[in-house]
2 protein chains.
Amino acid sequence: VLANLRIVLVETSHPGNIGAAARAMKNMGLSQLYLVNPKQFPHQEATARAAGADDLLQHAVICSTLDEAINDCELVLATSARQRHLAWPTCDPRECAALVHQATDKKIAIMFGNERAGLSNEQLCQSHYHVHIPVEESFSSLNLAAAVQVISYELRMAASTLQPKIVAESEPMANHQDMNAYYQRLQSTLVELEFCDPKQPRLLMQRLQRLYNRARLSKTEVNILQGILSAVAKNTKTN
Amino acid sequence: VLANLRIVLVETSHPGNIGAAARAMKNMGLSQLYLVNPKQFPHQEATARAAGADDLLQHAVICSTLDEAINDCELVLATSARQRHLAWPTCDPRECAALVHQATDKKIAIMFGNERAGLSNEQLCQSHYHVHIPVEESFSSLNLAAAVQVISYELRMAASTLQPKIVAESEPMANHQDMNAYYQRLQSTLVELEFCDPKQPRLLMQRLQRLYNRARLSKTEVNILQGILSAVAKNTKTN
């Protein structure tokens, strides 16, 4: 899906933001960058902030009109900081990612406006959806590259939840028998150390059981804990 | 919840990244910024990139050690780009936000390492969870402020879909300082018992840290474990 997706930066003022946006895109596995009337491009600051995403800059498609950048697209989304006077179908970045992933085989554009003013009402109206990144109302102006980062991140998250999840502790887990053997030896050690009252061991041992069971020990970890008890035994004074 | 949350930037090299991180935080409604040994701060580039989030920079807490920044925290998360040799409980930014929102009334830190190297293994082991931002493997190095942006965005998204609380730990939780004191005493005890090689304590101690951090100990539980160490000390043969 993401191969059919382009990020369209419209009338960007600062070349550094173009570079940082390219870096954010490449980090998240996006590759198609379209630039509509960039103020300065190419530019060394763009290259510096791209930090290795130079290929995206080199292959960036420079357009002189927004139409040129999105003409062949079947799904167009426009990022918008503000609620506009004209109500439009609106989604948040997560819903945006879901929409993109539903649009298999479609050509898709996500547009970002200029740093100072964002997209104009006219430009916003070229889109199927407005994407609104949730922000603090009193401090709502996101950096352009940060906005690209958030959207790209959600696109990647949506892609990766289609994959099987990772997890899988590499070590074999301790079983009940392992733990039981450990708890019995722990209890007799604590009695010997006079830390545990042999007539009333229960609450203390239950607390320790709860603690270790919560951690879900591996066999290796139980072996380490057993090793510590052996070391304690070897070093304990005989009465 | 977010009022109890601090973003901890460790040994940041570029002041511009500190400013951009502050801006990202404020956009998303976060306010507490901690800086551990920033290379240059305050700095005009930080102020410029903060773009109005100057108050976060002015109130930033400057620390000379990581411990100082997280000592009173009960939940510590560490962002990590790489998969480390020692597997640790890991979450993605969305799961991170869920964990934070479940930890009502807890003091929480999310740590970010230095631009070049990230957090060291030792620093990573101070955390309960590693947060892994999904990235393209062939181009995986995220800009620091971009990483702060992604995490802050997920925290805000989680806040806006706030669910009722799940777990209520009835006991007060141990904080980082409690755990650190315990680990130090555990290590010296294990050295004394000749279970731990004082020249190579690291892997063993990291394993034990992982085990106990996984269990998220209460203060009472740490006191019990400390009591066991006292009992061991009292009963150990003097050489």
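In case you missed it, the structure is sitting above this.
What you see is a predicted model, and the numbers here were worked out from it, not measured in a lab.

Procedures and definitions
Residues numbered from 1 in each chain as written. Chains lettered and ligands numbered in written order. Predicted model: local features only at pLDDT ≥ 70, side-chain atom pairs only at ≥ 80, totals over all residues. Heavy atoms only, no water. Helix = DSSP H or I, 4+ residues; strand = E, 2+ residues; numbered from the N terminus. Contact = heavy atoms within 4.5 Å. Polar contact = N/O pair within 3.5 Å; in protein donor to acceptor, adjacent residues only side chain to side chain. Buried < 20%, exposed > 50% of the residue type's maximum accessible area, 1.4 Å probe, protein only. Pairing = 2+ DSSP bridges. Buried area = accessible area lost by both parts, 1.4 Å probe. Salt bridge = Lys/Arg side-chain N within 4 Å of Asp/Glu carboxyl O. Nonpolar A, V, L, I, M, F, W, Y, C, P; charged D, E, K, R; others polar. Expected span 1.5 Å × (residues − 1). Axes fitted to C-alpha atoms, helices over the stretch in contact; angles between N-to-C directions. Phe/Tyr/Trp six-rings, centres within 6.5 Å; stacked < 30°, edge-to-face > 60°. Parallel < 35°, antiparallel > 145°, perpendicular 65-115°, else oblique. Left-handed = near helix turned anticlockwise from the far one by under 90°.

A few points about the environment of Arg6 of chain A
All names here are of chain A.
Thinking step 1. Within the secondary structure layout, Arg6 lies in strand β1 (residues 5-10).
Thinking step 2. Note: C-alpha distance between Arg6 and Ile108 (102 residues apart in sequence) is 6.3 Å.
Thinking step 3. Beyond its immediate sequence surroundings of up to four residues, Arg6 is in contact with Gln32, Tyr34, Ala69, Ile70, Asp72, Cys73, Lys107, Ile108, Ala109 and Ile110.
Thinking step 4. Within the local environment of Arg6, its side chain forms a polar contact with the backbone oxygen of Ala69, the two atoms lying 2.7 Å apart.

Some remarks on the pairing of strand β4 (residues 75-79) of chain A
Residue and element names in this part refer to chain A.
Thinking step 1. Counting buried residues in β4 gives five out of five residues, a clear majority hidden from the surface.
Thinking step 2. As judged from the four bridges shared by β4 and strand β6 (residues 108-112), these two strands associate in the parallel manner. For Val76, the partnering residue across the bridge sits in β6 and is Ala109.
Thinking step 3. Where β4 lies against strand β7 (residues 129-131), three bridges are found, and the strand directions are parallel. Note on β7: the bridge partner recorded for Ala78 is His130.

What about the sheet that holds β1 of chain A?
Residues and elements named next belong to chain A.
Thinking step 1. Overall, parallel pairing links the seven strands, which are arranged β3-β2-β1-β6-β4-β7-β5 in an open sheet. Looking at which strands have only one partner, the edges of the open sheet turn out to be β3 (61-63) and β5 (90-91).
Thinking step 2. Where strand β2 (residues 32-36) lies against β3, three bridges are found, and the strand directions are parallel. Within the sheet, the bridge partner assigned to Leu35 lies in β3 and is Ile62.

Concerning the interface of chain B and chain A
Many structure descriptions define interface size as the accessible area lost when the parts assemble.
Thinking step 1. Opposite the 58 residues of chain B that make contact, chain A presents 58 residues.
Thinking step 2. Taken together, both faces of the contact between chain B and chain A bury some 5300 Å²; the carbon and sulfur share is 58%.
Thinking step 3. Three residues stand out in chain B for area buried against chain A, namely Phe139, Tyr153 and Asn235 of chain B, and they jointly supply 13% of the buried area on that side.
Thinking step 4. Taken together, the connections running from chain B to chain A amount to six salt bridges.
Thinking step 5. Arg210 of chain B serves as the salt-bridge partner of Glu221 of chain A, at 3.9 Å between the closest nitrogen and oxygen.
Thinking step 6. Across the chain B-chain A interface, the total number found is 21 residue pairs in polar contact (both at pLDDT 80 or more).
Thinking step 7. Elements with a minimum of two residues in the side of chain B that touches chain A: α1 (15-27), α2 (44-50), α5 (93-102), α7 (144-160), α8 (176-192), α9 (202-215) and α10 (219-235) of chain B.
Thinking step 8. Counted by class, the side of chain B that touches chain A contains 29 nonpolar, eleven polar and 18 charged residues.

Focus: unusual backbone geometry
All names here are of chain A.
Thinking step 1. In this chain, Phe41 is followed by Pro42 through a cis amide linkage whose omega measures -5°.
Thinking step 2. Mapped onto the elements, Pro42 comes out in the loop between β2 and α2 (44-50).
Thinking step 3. Of note, Ala51 is a non-glycine position whose phi angle comes to about 50°, a positive value.
Thinking step 4. Along the polypeptide, Ala51 turns up in the loop between α2 and α3 (54-58).
Thinking step 5. On the basis of relative accessibility, which here comes to 43%, the residue Ala51 falls in the partly exposed class.
Thinking step 6. In this structure, Glu194 takes a positive phi of about 60° despite not being glycine.

Quick look at α9 of chain B
Thinking step 1. For α9 of chain B, with 14 residues, the first-to-last C-alpha span of 20 Å sits near the 20 Å given by 1.5 Å per residue.
Thinking step 2. Counting buried positions over the 14 residues of α9 of chain B gives twelve, a clear majority of the element.
Thinking step 3. Buried residues of α9 of chain B: Leu204, Met205, Gln206, Arg207, Leu208, Gln209, Arg210, Leu211, Tyr212, Asn213, Arg214 and Ala215 of chain B, and no others.
Thinking step 4. Considering only its buried residues, α9 of chain B is in contact with α9 (202-215) and α10 (219-235) of chain A together with α6 (121-124), α8 and α10 of chain B.
Thinking step 5. Downstream of α9 of chain B by a residue or two, Arg216 of chain B has a phi angle that is positive, lying close to 50°.

Topic: the sheet that holds strand β2 (residues 32-36) of chain B
All names here are of chain B.
Thinking step 1. One open sheet accounts for seven strands, arranged β3-β2-β1-β6-β4-β7-β5; its pairing is parallel. For this open sheet the edge positions go to β3 (61-63) and β5 (90-91), each flanked by a neighbour on one side alone.
Thinking step 2. Contacts from α7 reach β1 (5-10), β4 (75-79), β6 (108-112) and β7 (129-131), with the element oriented near 150° to β6.

A word on the packing of aromatic side chains
Thinking step 1. Counted according to the given criterion, the structure contains six aromatic pairs over all chains.
Thinking step 2. Between Tyr153 of chain A and Tyr153 of chain B the ring centres are 6.4 Å apart and the planes differ by 80°, which places this aromatic pair in the edge-to-face class. Of this pair, Tyr153 of chain A sits in helix α7 (residues 144-160) while Tyr153 of chain B sits in helix α7, each in a different chain.
Thinking step 3. We classify Tyr153 of chain B as buried; its relative accessible area is 0%.
Thinking step 4. With a centroid separation of 6.0 Å and an interplanar angle of 50°, the aromatic rings of Tyr182 of chain A and Tyr183 of chain A are classed as tilted.
Thinking step 5. By way of ring pairs, the aromatic residues Tyr182, Tyr183 and Tyr212 of chain A together with Tyr182, Tyr183 and Tyr212 of chain B are connected into one cluster.

Here we look at the side chain of Gln226 of chain B
Thinking step 1. The topology assignment puts Gln226 of chain B in helix α10.
Thinking step 2. For Gln226 of chain B, the residues in contact, after removing those within four places along its chain, are Ala181, Tyr182 and Arg185 of chain B.

Overview of the side chain of His132 of chain B
Thinking step 1. Of note, His132 of chain B is situated in the loop between β7 and α7.
Thinking step 2. Side-chain polar atoms of His132 of chain B contact the backbone oxygen of Ala81 of chain B, separated by 3.3 Å.

Some remarks on the packing of α8 of chain B against α9 of chain B
Helices that pack against each other are described as a pair by the angle of their axes relative to one another and the distance between those axes.
All names here are of chain B.
Thinking step 1. Viewed as axis vectors pointing N to C, α8 and α9 meet at an angle of 140°, and their least axial separation amounts to 11 Å. With respect to α9, the element α8 is oriented oblique. Between α8 and α9 lies a crossing of right-handed hand. Each of Met179, Tyr182, Tyr183, Leu186, Gln187 and Leu190 in α8 lies in contact with α9, whose residues at this interface are Leu204, Met205, Leu208, Gln209, Tyr212 and Asn213.

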